[in-house]
Amino acid sequence: MEKVYNETKFLMKKYGITANKKLGQNFLIDENVLDTIVNSSEINSDDLIIEIGPGLGTLTAKLLEKAGKVICVELDDRMISVLKDRFFMYQNLEIINEDILKIDLNKIIKENKENNNFKEVKIVANLPYYITTPIIMKLLEEKLDIESITVMIQKEVADRLTAIPGEKNSGAITYTVYYFSQAEEILTVPNTSFIPEPEVASEVIKLTIRKEPIIKIKDEEKFFKIIKYAFMQRRKTLVNALSNSNLFESKEQIENLLEELGIDKKIRGEALTIEQFANIARAI
């Protein structure tokens, strides 16, 4: 850890950089964690890697040694000069100074695969806590041509993303992640592995994108809308939660549908399996 710690402190001092709280910046200084992220990503020279929020480039340095090309998407202007100075010798690096939520990843991936014949595209990142969910949702919902997403995020969020739908820790995003990918927890990371130290523990997780969603749904929009409403007011029963969804004419209609499907009318949304939500979507 000492080597990466000293390197990070040197770069912060050289460029006059302090972690930006608004951008959720915590610089990773644990080499073992860095190696675990890279190894879990299973990167080779035929891969295009998209790194979100590279910061000072600590993880970037290891990615560049393994990948065919690394595209860094960094919002913070201060980090751009650090990355350009640090990696000016590398021919396999592209830096995009943009908000990851606003760029067209499909276009970027398509152009790079066509021009360079990359076999696989993988997302790797140490994600800012405050914006983890929107980023994960974008990566999944846009149905990108990617093989996997390996990220370090807040442990509490990781527990939700990797849960089995209908079991403990399930949230609306649990069903989205499970629908599009196979999730696994890789490593718990203590807050002492960062500068500055965050208040909570982190977790490295990997989402391997499914070739086909785990269940077949004709109307995905309706399916996810039902799940969204089921979790908007978690303490309410599913019947009461769906009453506000504009998908049903009355509470009685919802109760009758649940009865037909063999679902308890007093159940809460968080207790439903993904198949049960799919059955409700199909029935309406």
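Quick caveat, the model's predicted, so the values are computed rather than measured.

A. Up close: the pattern of salt bridges. Using the criterion set out here, one finds 16 salt bridges in the structure. In this structure, arginine 86 and glutamate 7 form a salt bridge, with 3.0 Å as the shortest nitrogen-oxygen distance. With arginine 86 in helix α4 (residues 77–86) and glutamate 7 in helix α1 (residues 2–14), the pair connects residues that are 79 residues apart, well separated along the chain. In this structure, the salt-bridge partner of aspartate 46 is lysine 119, at a minimum N-O distance of 3.8 Å. You can see aspartate 46 sitting in the loop between α2 (31–41) and β2 (47–52) and its partner lysine 119 sitting in the loop between α5 (105–116) and β5 (120–126), a full 73 residues away along the chain. With relative accessibility at 33%, the residue aspartate 46 sits in the partly exposed group. When salt bridges with common partners are traced through the structure, they connect Lys155, Asp159, Glu185 and Glu203 into a single cluster.

B. Local environment of the packing of helix α8 (residues 172–180) against helix α9 (residues 220–232). Two numbers describe how α8 lies on α9: the axes approach to 8 Å, and their chain directions differ by 150°. Judged by the inter-axis angle, α8 sits roughly antiparallel to α9. Residues Ala172, Tyr175, Thr176, Tyr179 and Phe180 of α8 form the contact with α9, whose participating residues are Glu220, Phe223, Phe224, Ile227 and Phe231. Of the residues that constitute the contact of α8 with α9, the class distribution is eight nonpolar, one polar and one charged.

C. Molecular detail of the sheet that holds β2. Spatial ordering of the open sheet is given by β4-β3-β2-β5-β6-β9-β7, a layout of seven strands whose pairing is mixed. Across the chains shown, the open sheet's two edge strands, defined by having one partner strand only, are β4 (93–96) and β7 (181–189). Here the strands of the sheet are splayed against their neighbours by 20° on average, with no regard to which way each runs. As defined by bridge partners, strand β6 (residues 148–154) adjoins strand β9 (residues 202–209) across seven bridges and the pair is classed as antiparallel. Its bridge partner being in β9, methionine 152 is matched across the sheet by valine 204.

D. Just the layout of surface pockets, in detail. The computed volume of the largest pocket comes to approximately 480 Å³. Forming the walls of the largest pocket are 30 residues, and the residues nearest its centre are Gly53, Pro54, Glu74, Asn126 and Pro128. Contributing elements (two or more residues each) for the lining of the largest pocket: β1 (27–28), β2 and α3 (58–66). Broken down by class, the residue content of the lining of the largest pocket amounts to 18 nonpolar, eight polar and four charged. In this model, the second largest pocket occupies a volume close to 330 Å³.

E. Structural view of the side chain of serine 245. Mapped onto the fold, serine 245 is located in the loop between α10 (238–242) and α11 (251–260). Given the relative accessible area of 0%, serine 245 is considered buried. Only 2.7 Å separates the side chain of serine 245 from the backbone oxygen of leucine 242, close enough to count as a polar contact. Not counting residues up to four positions away in its chain, the partners in contact with serine 245 are Lys225 and Tyr229.

F. Region of interest: the packing of aromatic side chains. Evaluation of the coordinates by the stated rule reveals eight aromatic pairs. Where phenylalanine 87 meets tyrosine 90, the ring centres are 5.8 Å apart and the plane angle is 75°; that geometry is what we call edge-to-face. Classification of tyrosine 90 by relative accessible area gives partly exposed; the value is 29%. Summarising the aromatic geometry, the rings of phenylalanine 180 and phenylalanine 224 are spaced 6.1 Å apart at their centres and angled 20° between planes, so their arrangement reads as stacked. With phenylalanine 180 in helix α8 and phenylalanine 224 in helix α9, the pair connects residues that are 44 residues apart, well separated along the chain. Across this residue pair, the class does not change: phenylalanine 180 and phenylalanine 224 are buried. Grouping aromatic residues by their ring pairs yields a cluster made of Tyr179, Phe180, Phe223 and Phe224.

G. Inspection of the nonpolar core at higher detail. By size, the foremost hydrophobic cluster in this structure holds 61 residues, and its most contacted members are Ile136, Ile149, Phe223, Leu238, Phe277 and Ile280. Top element by residues in this core is α9. It accounts for seven residues. Ignoring any residue separated from it by four or fewer positions in sequence, one finds isoleucine 280 in contact with Ile226, Leu238, Phe248, Leu257, Leu258, Leu261, Ile263 and Leu272.

So, how was this worked out
- For every chain, the first residue of its written sequence is number 1, and the numbers climb from 1 along that sequence.
- Totals for whole chains, interfaces and linings use all residues, but because this is a predicted model, local features are given only for residues with pLDDT of at least 70 and pairs of side-chain atoms are given and counted only at 80 or more.
- Each side-chain value is derived from all of the structure's non-hydrogen atoms; neither hydrogens nor water enter the calculation.
- Salt-bridge detection follows one rule: a side-chain nitrogen of Lys or Arg within 4 Å of a carboxyl oxygen of Asp or Glu.
- Numbering of helices and strands runs from the N terminus, with a helix taken as a DSSP run of H or I at least four residues long and a strand as a DSSP run of E at least two residues long.
- Residue exposure (1.4 Å probe, protein chains only): buried if accessible area is under 20% of the type maximum, exposed if over 50%, otherwise partly exposed.
- A fitted line through C-alpha atoms serves as each axis, taken over the contacting stretch for helices, and the angle formed by two N-to-C directions is quoted from 0 to 180°.
- Under this scheme an angle from 65 to 115 degrees is roughly perpendicular, one under 35 degrees roughly parallel, and one over 145 degrees roughly antiparallel; angles in between are oblique.
- In what follows, residue pairs with any heavy atoms lying within 4.5 Å of each other are defined as contacts.
- Any residue that is not Ala, Val, Leu, Ile, Met, Phe, Trp, Tyr, Cys, Pro, Asp, Glu, Lys or Arg is counted as polar, Gly included; the first ten are nonpolar and the last four charged.
- Between any two strands, at least two bridges found by DSSP are needed for them to pair.
- Detection works on a 1 Å grid of protein atoms alone, calling trapped sets that fit a 1.4 Å probe cavities and calling open sets with protein on both sides within 12 Å along at least five of seven lines pockets, with lining residues defined by an atom within 4 Å of a point.
- Grid points are joined across faces, edges and corners, and a volume is the space filled by probe spheres set on the points.
- Identification of polar contacts relies on pairs of N or O atoms within 3.5 Å, with a donor-acceptor requirement for protein atoms, meaning one able to donate a hydrogen and the other able to accept it, and with residues adjacent in sequence counted only if both atoms are side-chain atoms.
- Centres within 6.5 Å make a pair out of two Phe, Tyr or Trp rings, where for Trp the six-membered ring is used; the pair is then stacked when the planes are under 30 degrees apart, edge-to-face when over 60, and tilted otherwise.
- For our purposes a nonpolar core is just a set of buried Ala, Val, Leu, Ile, Met, Phe, Trp, Tyr and Cys residues, chained together by side-chain atoms within 4.5 Å.

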